[in-house]
Amino acid sequence: MSASPTTRRRFPWLLALIAAGCIALQFPGRLDLSTLALAIWLGALAIAVRPLLRRLWYPKFYAFSGLLVLLSGLMLGVADLQVGPIPLSSSGLNAGALMLVRGTLIFGLTAWAASLYTRGEMQAAVTAERAGWRLAIAVALRLVPDLAVQLSGAWRNRRRAGRRLAAFEAAAVELLRVAADTADGLTRQATPAPRRVAISGPSGSGKTTTLRALGKLLGPHGLIAGGVLQPCDRAGNERRGYWLEDAATGERRDFARRRTHDTHGFDFEPAGWDWAAERIRAARREHTVVIVDELGKVEATGSGHLLPLLETIDGGRDRLWLCGVRQDALAAIEQRLGPFDLVLTPTLDAAAQAELAQRIAALLIDDPGREYNSRPQLATDAEGGRP
Amino acid sequence: MAASPGDRQRFWAHAAAFGALWGAIEVTLGSFLHGLRIPLSGAFLAALGAGLLIAVRQIEPRRGSSIAIGLVAAACKSISPGGVIVGPMVAILAESLLVEVSLLPRPRSAIAAIAAGLLAVTWTVSQKLFGQVVFYGGDVIRLYVEMLTKLARSLHLDATTGWWTLAVVGALLLVIGGGAGLWGWRIGRLTVAARAAAASAAAHPGSVVA
């Protein structure tokens, strides 16, 4: 039975003072003083929080305490009493009784302290403020049921796999991997997402040229661009391969070549993906605008250039992602990255490009909820931006 | 503890996810074992918890993360259907504190992992005794020592037998706790490798039809 809030909170400071006094009476280790302390405390509870007395009836505790009294009488000190056939020690019984009285008092004190808050109130208290550990607890309380189901699933799979240690280990690794991915997802959710703009069109429509121009045209708006362009190496209408180009410095490297045995495919250089990923990460850390070109079939499957965009970057300054997106992959990329705020058509006309830059800059400046649009922040970006 | 807002978000996101995982283990397996009253179930759960904390330290080596995860897991334990929650909540917090202290100097060392597991399991076993001292005072220890001495005398055992018994119990704890620590260290590294392999496979598409 639980006491009503009014009953629970009657005279809390006075009871706290009485509790402190009762604890002080324990220090000499005398049975008479401890018994007095217990009597005072029970009396105080009877006056202030009578329903709590019923909670003190916990048979298991008193059975164990009674056993301790008996064992103390049997084991401690010299036997100087005879109760039926059993020789007992009065000093041992005294020590046992002291244990019983002390235990009951501590039990009464903890029961009162625990009654100050109900479980619901405690949970509300720890999850009320949306910051730090309180938020973590609130999120975790929502995650537990799902993880409990996954835990049961992993356990069943382990049994199906033949109860081997390796299967148990694999299940544990899988659970840790799920939790780590969940943590990454939570971090992403906690970080405000940058604005996303797509320059979308078919192959050869001028996406890369438009992106390169926009990178320059956004500079006067205080938006400094970094990232990766992926210009095509063409011979007439035929695509022979791709380069990678650092959008901030113009540095280039070879990336993909047409397959010799297959006219429809390209072989990509593995180190090129790493090179591009590093530049995208660096742009997210150091620049306001991150250019990522040629999001296509590879990225539609969730890999390639998309990965460094989906990663969590500590202390990132990226506020706008400017992506070159293949028209046929646009829907799939949006599923991975989230919907684009603007989807623009590439253009080779300088005036049209300037107009696009205006629209993109307006997207950020008209965004009142984002402090990064303030001029001082942009001035800092300009100082630390590309040469 | 992390410094920048982004770092703090990441720190608490990990605490939430792994704390929830530990909480889920405590709520499901803990309540199951508690209901069955299996001996040493507390030590077994402590070993699992310590293993988890050590594994997390291999995945995300941030100072204070063990305490943060323990705090979250203890809060999750409050929704346990098992009913009695204060004891396990204190145990979870104490274990996380011990693991944190053990891993502070060298978070990725196998030796530190073994020490962390050992301390966490030892604490669980001694927590009951500690609780009894708080409730009944130091006389309860005197009573237990006297009981053991009389038991040894009645069984005609010599004085060294007690020490041998203690050594056997210590060895058992060493195996459970140390094993859990080492296992946590190993699965943490396996998880890091598995995640790295998955990320690498996704980041390096070899050839593409374009």
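Residues numbered from 1 in each chain as written. Chains lettered and ligands numbered in written order. Predicted model: local features only at pLDDT ≥ 70, side-chain atom pairs only at ≥ 80, totals over all residues.

1. Digging into the overall build of chain A
Rules: We count a stretch as a helix when DSSP gives it H or I for four or more residues in a row; a strand needs E for two or more, and each element gets its number in order from the N terminus. With C-beta atoms placed from the backbone, a residue is labelled by how many other C-beta atoms lie within 10 Å of its own: buried for 20 or more, exposed for 12 or fewer, partly exposed between the two. Residues are scored as being in contact if the C-beta atoms we place from backbone atoms lie within 7 Å.
Helix and strand counts for chain A stand at 16 helices and eleven strands. The burial tally for chain A puts 35% of its 387 residues in the buried class. For chain A, the proportion of contacts with a sequence separation of at least 24, taken over those separated by at least 6, is 65%.

2. Considerations on the pairing of strand β9 (residues 289–295) of chain A
Residues and elements named next belong to chain A. Quick note on the threshold: Two strands qualify as a pair provided DSSP detects at least 2 bridges between them.
Counting buried positions over the seven residues of β9 gives seven, a clear majority of the element. By the bridge criterion, four bridges tie strand β4 (residues 225–229) to β9 in an arrangement that is parallel. Counted as the bridge partner of G226 is V290 from β9.

3. Thoughts on the interface of chain A and chain B
As a reminder, the rule being used: Throughout, the ten residues Ala, Val, Leu, Ile, Met, Phe, Trp, Tyr, Cys and Pro are labelled nonpolar, Asp, Glu, Lys and Arg are labelled charged, and all others, Gly among them, are labelled polar.
If you look at the interface, chain A gives 63 residues, while chain B gives 56 residues. Secondary structure elements with two or more residues in the side of chain A that touches chain B: α5 (59–75), α6 (90–115), α7 (119–127), α8 (132–160), α9 (165–190), β8 (265–268), α11 (270–286) and α12 (297–300) of chain A. At 14 residues, the largest contribution of residues to the side of chain A that touches chain B is made by α8(A). Within the side of chain A that touches chain B, the residues separate by chemical class into 38 nonpolar, 17 polar and eight charged.

4. A look at the confidence of the model for chain A
All names here are of chain A. The test is simple: The pLDDT score gives, residue by residue, the confidence of the prediction method on a 0 to 100 scale.
Here chain A averages 80 in pLDDT, and 82% of its residues register 70 or above. Between residues 1–8, whose pLDDT stays under 50, and residues either more than four places distant or in other chains, the model counts 13 contacts. Confidence drops under a pLDDT of 50 for residues 368–387, and excluding neighbours within four residues, the segment shows 19 contacts in the predicted structure.

5. Let's talk about the nonpolar core
Defined as follows: Any nonpolar core is a set of buried residues, restricted to Ala, Val, Leu, Ile, Met, Phe, Trp, Tyr and Cys, that join up through C-beta atoms within 7 Å.
In terms of nonpolar packing, the biggest core is built from 76 residues, with A140(A), A16(B), A20(B), L21(B), V72(B) and A116(B) touching the most fellow members. Listed by contribution, the elements that provide at least two residues to this core are α8 and α9 of chain A together with α1 (5–36), α2 (41–59), α3 (65–77), α4 (86–103), α5 (110–136) and α7 (159–203) of chain B. Ranked by residue count, the leading element in this core is α1(B), at 13 residues. In terms of nonpolar packing, the next biggest core, distinct from the first, is built from 47 residues, A198(A), A247(A), V290(A) and L295(A) among them.

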